[in-house]
Amino acid sequence: MSCSLLHFCSFQDLGTVRDFLFPQTKEEPRSGDKEHNWEDEDWGAWEDGELKETKEGSCTSKAPTLSWLQDCVISLSPTNDLMVIARDQKAVFLVPKWKPNEKGKDEMQYCVAWSGILNVEDGECVGSAICIPLASQKRSSTGRPDWTCIIVGFTSGYVRFYTENGVLLLAQLLNEDPVLQLKCRTYEIPRHPGVTEQHEELSILYPAALVTIDGFSLFQSLRACRNQVARAAASGAESIQPPPLTYKKWGLQDVDMIVDHASIGIMTLCPFDQLKTASVLGGFNATVKSSPPAMSEYVTVGSGPFSGFFYALEGSTQPLLSHVALAVASKLTSALFNAASGWLGWKSKHDEESVQKQKPKVEPATPLAVRFGIPDSRRRGESICLSPCNTLAAVTDDFGRVTLLDVTRGVAIRMWKGYRDAQVGWIQVLEDLHEREAEKSNFSPFGSPTGLRRVAQFLVIYAPRRGILEVWSTQQGPRVGAFNVGKHCRLLYPGYKIMGLNNVTSQGWQPQTYQICLIDPVDGNVKTINVPFHLALSDKKSERAKDMHLLKRLTALLKAKVTNPENLEIEIKTHLLDIKYPAMKKQALEKMLASKNIPLSCLTNLIQALLDNLMNQDPESVDEGLLQFCLSQLKLLHLYTCVSKLNSEDLEPSEVKTSNDLATLLRLEEREVVKIQTLLDNYRQGNTRSTVHFEEDKNCKLLIQTFLEYLEYEKEAVNVKKMNEDECVTLGNFFFWKCLCGESSAEEMCHLLESAGAKPQQCLSLLLSMWLFREKEILKDQESISYLHIMLSHLNKMKGAIDISWDLQSVSPWWQQMRTACAQTENIGAALLAALVGRSVAISATNSLAEKDLEVMASDGMTDSWEALSLDMEHWNLLLRQLEDCLILQTLLHSKGSKPASTTCHHSEPLASISVKKLLEGGRGVVADGVAKWIFKLDLVPSILKQVHQSKRLENTEEQIEGEKLLISEKYKELGLERILELLQLAYERFPCSLELDVLHAHCCWEYVVQWNKDPEEGRILSISVDHLKCIGNAHVQRGIAIMMWNTFIVKRLSAAAYLMDKVGKAPKDRLCRRDVGMGDTAVMSFLGSCSLLLQTLMEAEVSSDEMKEPFLDIEDTWSSVEGQTSIVDLALEQRHVHYPLVQHHYILSVIMHGIMLFGMKSVKILSLFDSKGKNAFFKELTSIQLLPSGDMDPNIVSLRQQFLMKIVSAAVKDLIKPPQTASEKQPYQEQNEDWASVAVELSQNLQVNEDVIRRHYVCELYNHGIDQIGEEALLQVHDQEVLASQLLVLTGQRLAYALLHTQTKEGMELLARLPPMLCTWLKAMDPQDLQNTDVPIVATARLVSKLIELLPENHGQYSLVLHLFEAVEAISSL
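A few words on the overall build of the chain. When helices and strands are counted, the chain shows 48 helices and 32 strands. A total of 1375 residues make up the chain; the buried ones form 51% of that total. The long-range share in the chain, meaning contacts at least 24 apart out of those at least 6 apart in sequence, stands at 72%. Carbon and sulfur atoms provide 51% of the accessible area of the chain, an area that totals close to 66,900 Å².

Now the structure itself:
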């Protein structure tokens, strides 16, 4: 890796900037800009020799047009957020922005942010400019740049400070001579404890004076001025007094001419230098202070002397507080108008002429004599550039030399010639610690045991006469980089970073600052230089640098498009053998092996050539690691070649196996094979999971790069690296799929792997991974079963497959590995076939081993070898039973009905695939839980599960009626569930304990309530959950599930609904329900109904549990070793008994709430129906003993309860007369509302309300609404019939009054005249408006009067009135 010139920004329109600064060039044609063609320059590599100077003949005529940038004052902020280009009185401020270039890609471009005239006094011009970013003081952006201040020095001696928008902040006249140079020093953390900490400062150079301004004071002053400008612009303030600047002013003496300077900073002499200086200055009798004084060092360049060194003792002069410029001190607005006259347009000539009529007082300078210098009477220095470490400085002169100074000792240590008009800068590069790790064996004088990052300094020299940019390693290092650039560029080196940081803020966020950049006015690009650290470690002939260069060229060759493989191999071989360092050589070898452009034969030849080269060297000098790496890669390449060759051979497929042949192969009976094939066919039909297969998998092709990535060669054996499942499948596919298809020899493949040193356990793992992954192909064509048997038989015979110490009395690790893989996979079909084949091969292996042991035991007189034989086989038989169970269960869970499920279940989560391991680790309820999720997904009603169990029980007896069986079958066919229920019945047979009906209903109940909790708007789901709860036969399980449902999901929502209904005093609206309960009003109504059923079921279960034993939860023998979390049924059985009165108390509340929501009742405070004890008992633990109301209730509360129950009865009766939408809905609708009358009577018993009052009110409401038929039935349940007869007598009178008085027919009037006067008076007193239904047939009224005669005794006071009514009704009926 070498130096590089990187493009990082460009100008949007540099021609506009040039036209503004040089108006005379507008008329000149711009075609001359294209005269300089960079493509014709000499771009030769610097390693091959010195670069040739570019021709200047064709560009001389256009030089003034192209070299305009050399005549400008340019400054770029180190954070690259602002650039200033100025000339004479004009200046342009540019800011970078992301904009699309000509190709449409976004890039950073400098755009003009402000342009204008900066001079205030007549005749003054810009002499120097600098852009200083100021750090932010905000906590969120501490250490980051906040804004950038532009400082401009003028020939009048003024120094002015501007914002990014050209607004003048501050102006200061520090000296009446022209400003020559502005330089800045910002804070840097000392790299070593002994280095003096340098403070921030701004230095301003005049021809005979040097002014330094403390950085902290300047930072605070600029912030204050900017804040005042913002306030003045916002409020229109007239004037402001800026804070004074603190500065030091030194009069530089004993120097003929000063052109440039450098402020080195504070330094402290060592004791020897202190004594030497004191002796030189004071002579023999000089006094020496106990501690060396601190001094500020300044270096100037010019003439007489060529370079002068000045030392100012700290504390030798007091800081001066200068008067601020009158333009800013008088009125801030005038400064704003002067800087921004373009946007206001109010500025007048009178205002311009009145500014700064009187110059402020200039403070005298403190004399400072030159301590010493580098005398050269003919040489004149032009510029000085200080290094980032403050120890070196590069000086350019008028003789075309670049001199390197040691500013600490004051001596020139190096000089370059032939660089006329040179521009210089520095690059400081930090070491990458990872790079040093690779060089631990190489001694370096820059090494540090503490691990501190080393720093390298590089000097950058731009020679405009030759158009060359060079990078030199300091102090005595070689040139490490050179670039052909234009002859009219500008090299910018700020030498500072962000002002306002300290030792705390500078350690946090590291600002993105550039060190040096090059501006090319021809193409308008800004470039920076990247120099790697390692170039400072050695010279041009360094072996390591050469190796890195060769490695870079080798990388480029590998990436290039291959046109001639033979030439490519020769070039790569040359580069590979030329690399010296073993680490580099190994890195190059790894790049070759990872490249896809190199064919296999070429790789083999290259590694063989490298290996031959290593073998011909001195054994002691050969790196052992590299040698072993070459040998291992060569063996892996040989293995890849042999496997590819073996896979390319096409063998003739064997004959198709019959069921009998397959049974013999698997050591099973033929009926067992048929049974397994049926199970696999059902499984394949339901297994619709999609898998992705690539063409490479089909053809068993594998890239050599991937092959080498997966395998490694260690200790004379091929080892498979740790890979994920997909990578194992890919590698196993490459090795074994052709063998399993019968197209390749399994014996030869096993022999090849064994000769390569492959471990049989890893081969078995790859084989099983590939086999299980390709389940679809295997189930579709089961011919691969015989080939798997052959492959396993040969793998079993490999060395190391079965441990020599293994005998028949222990479990073989080899077969255990296979069983573990089959138990962990989710591809149950392929796992079952693999287990059958593995069991068959294992039987063959154990039989051969048993024969050997039998001979030994026969000689010893032992013949009980059959016990040992059954131990390992028992594991195989257990696994096969488990896999068959999983296969049936997986088939069931993947099955779908022909009719789609309800919309509520379409968004349920997909069912997870199962495996033997998951079932063994999932707990005793994992099977029922999976089936419950499947039932929810298909939305099967609870009655279907019961019918399947009943049909299973009837099949085992001889009592089943054929017609009933046929009827059920036809019903299932209509629903499209025949196949599903067959699979469910088969699952019941395999899991009789895990899928016992109560257990399944319990898991379904829990699954439905969990799904309802995810979407409470679906009240139907909660209703089905309660239905499953009611289907549970065992009261202990039923009670426990109900308690868990109540505590987990119900109680919080019910309490929220209760408090909401009590607060609003009526059935709440949809918005309030959603806010407080989390569901809409319709869902709340359904929820309350389900809560009532849940609590009712809980009460019934609590009563029944005392007469019923707890169930014994058993598990199938096949799954007796199951472990994991506790099942839902086990948790339900652990629940404690509930307090029955407390449950009944909550039941009453839920029924009341349900009635209010169902009938939309108003003016009902539900909690007012209970006393304080009843209110406090609500929503407490149902298993706790609470203080409930006892004894006689407050009559006021009883009265409220009676009124509420009568309202419910009235609402229920009123709802009865509403016709349903269809005839099929009419009967259930009536039954639902008829139940509310009995519910009200039941509630009256528990609420201490006279139930006969509710019954009488119910009968009256029925007759009032004209429902006489139901009223006659309900009348029989009333105990006090005399009171009821009196109530019904009034209702009868209202009917007759309406019929006689309100209709007013002629016959009716005649009849009314014939009635007894007492009856007429009584009828006129009746108010028919209280009747809800006036259109009642007179026949029904006649029957009602007949009933009244039956109900009233003859001695009753109103009996005679009833007789008169009977006669009147008979008369009306005869009309």
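The rest of the description comes next.
Overall, the coordinates contain 32 salt bridges when judged by the stated rule. Residue Arg 1074 pairs with Asp 1070 through a salt bridge whose shortest N-O separation is 2.7 Å. You can see Arg 1074 and its partner Asp 1070 sitting in helix α35 (residues 1070–1076), four residues apart, about one turn around the helix.

Taken as a whole and judged by the stated rule, the model has 22 aromatic pairs. Relative to Phe 1179, the ring of Tyr 1059 has its centre 5.7 Å away and its plane inclined at 65 degrees; by these criteria the two rings are edge-to-face. Residue Tyr 1059 is found in helix α34 (residues 1035–1064), and its partner Phe 1179 is found in the loop between α39 (1172–1177) and α40 (1195–1216); the two are separated by 120 residues along the sequence. The exposure class of Phe 1179 is buried, given its relative accessible area of 16%.

On to the sheet that holds strand β14 (residues 257–268), then. Read across the open sheet, the four strands follow the order β14-β15-β16-β19; overall the sheet is antiparallel. Two strands close off the open sheet at either side, each with one partner strand: β14 and β19 (372–374). Pairs of neighbouring strands in the sheet enclose a mean axial angle of 20 degrees, with direction left out of account. Pairing between β14 and strand β15 (residues 294–303): 10 bridges, direction antiparallel. Its bridge partner lying in β15, Ala 262 is registered against Val 299.

Adjacent strands of a sheet pair through backbone hydrogen bonds, lying either parallel or antiparallel. Pairing in this open sheet of eight strands is mixed, and the strands run β2-β3-β4-β5-β1-β30-β29-β28 from one edge to the other. Across the chains shown, the open sheet's two edge strands, defined by having one partner strand only, are β2 (73–76) and β28 (490–492). Strand-to-strand twist across the sheet, computed as the mean angle between neighbouring axes with direction ignored, equals 30 degrees. Each of β1 (4–11), β3 (83–87), β4 (90–100) and β5 (106–117) touches helix α1 (residues 14–21); the most contacted strand, β4, lies at about 170 degrees to it.

Turning our attention to the pairing of strand β21 (residues 392–397). On any regular strand, side chains alternate: one points to one face of the sheet, the next to the other face. A large share of β21 lies buried, amounting to six of its six residues. Going residue by residue along β21, you find Leu 392, Ala 394 and Thr 396 tucked away on one face and Ala 393, Val 395 and Asp 397 tucked away on the opposite face as well. Where strand β20 (residues 381–386) lies against β21, five bridges are found, and the strand directions are antiparallel. Bridging across to β21, Cys 385 finds its partner in Ala 394. Linking β20 to β21, which pair antiparallel, is a turn of five residues; within it Asn 390 sits at a positive phi near 65 degrees. Of the strand pairs in this sheet, β21 and strand β22 (residues 401–406) are connected by five bridges, and their pairing is antiparallel. Note that in β22 the partner of Leu 392 across the bridge is Asp 406.

What follows is about the environment of Pro 1016. Within the secondary structure, Pro 1016 is located in the loop between α32 (997–1014) and α33 (1019–1031). C-alpha separation for the pair Pro 1016 and Gly 1080, spaced 64 residues apart in sequence, amounts to 8.7 Å. When neighbours within four sequence positions are excluded, Pro 1016 is seen to be in contact with Arg 1053, Gly 1078, Met 1079 and Ala 1083.

Among all positions in helix α43 (residues 1268–1275), only Asp 1268, Gly 1271, Glu 1272, Ala 1274 and Leu 1275 are buried. The buried residues of α43 occupy an angular sector of 165 degrees when the element is viewed end-on, so they sit on one face. Seen from the open side of α43, the exposed residues pointing more than 90 degrees away from its buried face are Gln 1269 and Glu 1273. In the core, the buried residues of α43 are packed alongside α42 (1251–1264), α44 (1281–1302) and α47 (1338–1351).

Moving on, we come to the nonpolar core. One finds Phe 707 and Phe 735 to be the most contacted residues of the largest nonpolar core, which totals 273 residues. Residue contributions to this core peak at 15 residues, all from α34. When neighbours within four sequence positions are excluded, Phe 735 is seen to be in contact with Val 643, Asn 647, Phe 707, Leu 711, Met 749, Leu 753 and Leu 766. Of all hydrophobic cores here, the second largest spans 36 residues; its members include Leu 392, Trp 416, Tyr 419 and Ile 529.

Moving on: the environment of Ile 85. By secondary structure assignment, the location of Ile 85 is in strand β3. Ile 85 sits in the buried class, given a relative accessible area of 1%. For the pair formed by Ile 85 and Ile 74, sequence separation is 11 residues and the distance between their alpha carbons is 4.6 Å. Beyond its immediate chain neighbours, meaning those up to four positions away, Ile 85 contacts Phe 11, Val 17, Leu 21, Cys 72, Val 73, Ile 74, Ala 91, Val 92 and Leu 94.

Among the secondary structure elements, Ser 1105 is positioned in helix α36 (residues 1081–1105). Excluding residues within four positions of it along the chain, Ser 1105 makes contact with Ala 1035, His 1036, Arg 1039 and His 1137.

Taken across its 10 residues, strand β7 (residues 145–154) has eight buried, putting it largely inside the fold. Where strand β6 (residues 126–135) lies against β7, nine bridges are found, and the strand directions are antiparallel. The partner of Val 126 across the bridge, within β7, is Phe 154. In the sheet, β7 pairs with strand β8 (residues 158–162) via four bridges, with the strands oriented antiparallel. The residue of β8 that forms the bridge with Ile 150 is Tyr 162. What sits between β7 and β8 in their antiparallel hairpin is a turn of three residues, with Gly 157 showing a positive phi close to 100 degrees.

This part takes up the environment of Ile 150. Within the element layout of this structure, Ile 150 appears in strand β7. The exposure class of Ile 150 is buried, given its relative accessible area of 0%. Put simply, Ile 150 and Thr 163 are 13 residues apart on the chain and 6.3 Å apart in space, counted from C-alpha to C-alpha. Discounting chain neighbours no more than four positions away, the residues touching Ile 150 are Leu 82, Val 84, Phe 93, Ile 130, Cys 131, Arg 160, Phe 161, Tyr 162, Thr 163 and Glu 164.

Looking now at the packing of helix α19 (residues 725–740) against helix α21 (residues 760–773). Viewed as axis vectors pointing N to C, α19 and α21 meet at an angle of 90 degrees, and their least axial separation amounts to 7 Å. In terms of orientation, α19 and α21 fall into the roughly perpendicular class. Together, Glu 725, Cys 728, Val 729, Leu 731, Gly 732, Asn 733, Phe 735, Phe 736, Trp 737 and Leu 740 of α19 and Cys 763, Leu 766, Leu 767, Ser 769, Met 770, Trp 771 and Phe 773 of α21 make up the contact between the two elements. For the contact of α19 with α21, the residue count by class is 13 nonpolar, three polar and one charged.

What follows is about unusual backbone geometry. Residue Pro 305 is reached from Gly 304 by a cis peptide bond, and omega for that bond is 5 degrees. Positionally, Pro 305 belongs in the loop between β15 and β16 (307–313). Residues Thr 474 and Gln 475 are joined by a peptide bond in cis, for which omega reads 10 degrees. Along the chain, the position of Gln 475 falls in the loop between β26 (468–473) and β27 (479–484). One non-glycine residue with positive phi stands out, namely Asp 421, at about 55 degrees. For Asp 421, a relative accessible area of 36% corresponds to the partly exposed category.

Rules and cut-offs
Residues numbered from 1 in each chain as written. Predicted model: local features only at pLDDT ≥ 70, side-chain atom pairs only at ≥ 80, totals over all residues. Heavy atoms only, no water. Helix = DSSP H or I, 4+ residues; strand = E, 2+ residues; numbered from the N terminus. Buried < 20%, exposed > 50% of the residue type's maximum accessible area, 1.4 Å probe, protein only. Contact = heavy atoms within 4.5 Å. Areas by Shrake-Rupley, 256 points an atom, 1.4 Å probe, with all protein chains shown as cover. Salt bridge = Lys/Arg side-chain N within 4 Å of Asp/Glu carboxyl O. Phe/Tyr/Trp six-rings, centres within 6.5 Å; stacked < 30°, edge-to-face > 60°. Pairing = 2+ DSSP bridges. Axes fitted to C-alpha atoms, helices over the stretch in contact; angles between N-to-C directions. Arc of directions from axis to C-beta. Core = buried A, V, L, I, M, F, W, Y, C linked by side-chain atoms within 4.5 Å. Parallel < 35°, antiparallel > 145°, perpendicular 65-115°, else oblique. Nonpolar A, V, L, I, M, F, W, Y, C, P; charged D, E, K, R; others polar.

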